[in-house]
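Here's the letter readout for the chains.
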Amino acid sequence: MVAAGRAVVDPAAAARAAGPTAAGAAPLLRFDAVSIRLGGREILSPTSFEVRRGEFVCIVGASGCGKTTLLRTASALVAPTAGRVLRHGVPITQPAREIAFVFQDYGRALLPWRTVEGNVRLALEAAHVPAAEHAARAAEVLAKVGLAAHAQKFPLQLSGGMQQRVQIARCLAQQPELMLMDEPFGALDAMTRQGLQDELARLVRDDGLTVIFVTHDLEEAIYLGDRVVALQANPGPGRPSLARMIDVPIPRPRDQLTTREHPEFVRLRRELFTFIEEGHG
Ligand SMILES: Nc1ncnc2c1ncn2[C@@H]1O[C@H](COP(=O)(O)OP(=O)(O)OP(=O)(O)O)[C@@H](O)[C@H]1O
């Protein structure tokens, strides 16, 4: 990566370039006994898991159990109190272009005085992409999320679902290898939400993205995820926040009707609901 005329070394890219002995065997992301204290309280107890390239991992758990905080450690917005988060085997210490963050609150994530295209260009400016490439790159990602015809509108002229697609397009413009998504569809109505779930699944498949997706909605987690990680609040002394790790062996592409009727979907939904209802969530 070249920024402002000087080479910037991305430690994870350097480790990947160094070949398989250095980083080839390392997962894209590894939470290694990560614990977090904030305001004098343990928010997250030592939690370890890995995310491999191309995986879609959903995180569920009751309000306040630390889902958002865990996600923030992966983008260096919060530093672990103990333990490490490693990308390709290299500890994460600062935000990186390769890791994009999608917030639930698209209204605050987008600049209202910039057009849709202008909001996407923000990511290109931040990544020091040459200005001559901006128009083509913005057009490409806006086409991917079905907003090509709305490039010159302002965010407040769009529906909530469209605004969230702008935020996703802006993240795609920075060409991330990992998308961190914090309840991105939580504020949307059920129909819009289902449409965006399918769009996201398609984008992930087409672009080979890796995603960590926080949601309150257990069905959404099973529908989208290759794996679901369930966190529990206040797990007790010496116990990890991570309470369950569930594989979702349901074939892709998935479908809103048939997948939700799939016996494995029904079984996993019952397992997760029971787990949360018992108060572990
Ligand atoms: N900077 C901070 N200082 C002190 N406490 C914090 C800070 N950030 C988060 N917390 C607390 O940490 C706990 C976990 O917060 P977090 O937002 O990670 O939970 P969550 O599982 O994502 O919740 P929700 O599902 O409601 O979004 C909450 O009790 C929250 O009040």
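The rules we used
- Residues numbered from 1 in each chain as written.
- Predicted model: local features only at pLDDT ≥ 70, side-chain atom pairs only at ≥ 80, totals over all residues.
- Heavy atoms only, no water.
- Near = heavy atom within 4 Å.
- Polar contact = N/O pair within 3.5 Å; in protein donor to acceptor, adjacent residues only side chain to side chain.
- Areas by Shrake-Rupley, 256 points an atom, 1.4 Å probe, with all protein chains shown as cover.
- Domains from an automatic or database assignment.
- Contact = heavy atoms within 4.5 Å.
- Buried area = accessible area lost by both parts, 1.4 Å probe.
- Salt bridge = Lys/Arg side-chain N within 4 Å of Asp/Glu carboxyl O.
- pLDDT = per-residue confidence, 0-100.
- Axes fitted to C-alpha atoms, helices over the stretch in contact; angles between N-to-C directions.
- Helix = DSSP H or I, 4+ residues; strand = E, 2+ residues; numbered from the N terminus.
- Parallel < 35°, antiparallel > 145°, perpendicular 65-115°, else oblique.
- Left-handed = near helix turned anticlockwise from the far one by under 90°.
- Buried < 20%, exposed > 50% of the residue type's maximum accessible area, 1.4 Å probe, protein only.

Peer 1: Any details on the site of the ligand? Residues and values, ideally.
Peer 2: Surveying the vicinity of the ligand reveals 13 residues, the closest of which are R41, S63, G64, K67 and T69. The contact in question runs from an oxygen atom of the ligand to an N or O atom on the side chain of R41, over 2.7 Å. Interatomic distance of 2.5 Å between a side-chain N/O atom of S63 and an oxygen atom of the ligand. Expressed as a share of its isolated accessible area of 640 Å², the protein-covered part of the ligand is 61%.

Peer 1: Run through the domain arrangement of the chain, naming residues and quoting values.
Peer 2: Accessible area lost when the parts come together is the quantity often used to give the size of an interface. Here the chain is partitioned into domain 1 (52–79 + 178–280) and domain 2 (111–175). One C-alpha centre belongs to domain 1, the other to domain 2, and the line joining them spans 26 Å. Taken residue by residue, the interface counts twelve residues in domain 1 and nine residues in domain 2. Together domain 1 and domain 2 conceal approximately 820 Å² of surface at their shared face, both sides included; 71% is due to carbon and sulfur atoms. The salt bridge involving E199 is made with R165; its shortest N-O contact spans 3.6 Å.

Peer 1: Could you give me a rundown of the confidence of the model for the chain, with the residues and numbers involved?
Peer 2: Averaged over the chain, the pLDDT score is 90; the fraction of residues at 70 or greater is 90%. Contacts from residues 1–9, a stretch scored under 50 in pLDDT, to residues over four places away or in other chains number seven contacts. Below a pLDDT of 50 lies the segment residues 18–23, which in the model reaches six contacts outside its immediate sequence neighbourhood of four places, other chains included.

Peer 1: Outline the packing of helix α7 (residues 160–173) against helix α8 (residues 190–207), supporting the account with residue identities and numerical values.
Peer 2: Packing of α7 against α8 brings their axes to within 11 Å, and their N-to-C directions diverge by 15 degrees. Taken together, α7 and α8 sit at an angle that is classed as roughly parallel. Crossing angle aside, the handedness with which α7 passes α8 is right-handed. Residues G161, Q164, R165, I168 and L172 of α7 pack against T192, L196, E199, L203 and D207 of α8.

Peer 1: Which residues make up the pattern of salt bridges, and what values go with them?
Peer 2: Tallied over the entire structure, the rule returns 22 salt bridges. Salt-bridge contacts for K144 lead to D207; the nearest nitrogen and oxygen are separated by 2.9 Å. In this pair, K144 is assigned in helix α6 (residues 134–144) and D207 in helix α8, connecting sequence segments 63 residues apart. On the accessibility criterion, K144 (26% relative accessible area) is partly exposed. Of the residues examined, D207 reaches a relative accessible area of 32% and is grouped as partly exposed. Note that E271 is salt-bridged to R267, the shortest N-O span being 3.2 Å. With E271 and R267 both in helix α11 (residues 263–280) and four residues apart, the pair spans about one turn of that helix. Classification of R267 by relative accessible area gives partly exposed; the value is 41%. Within the structure, one salt-bridge network assembled from shared partners comprises R87, R97, E98 and E177.

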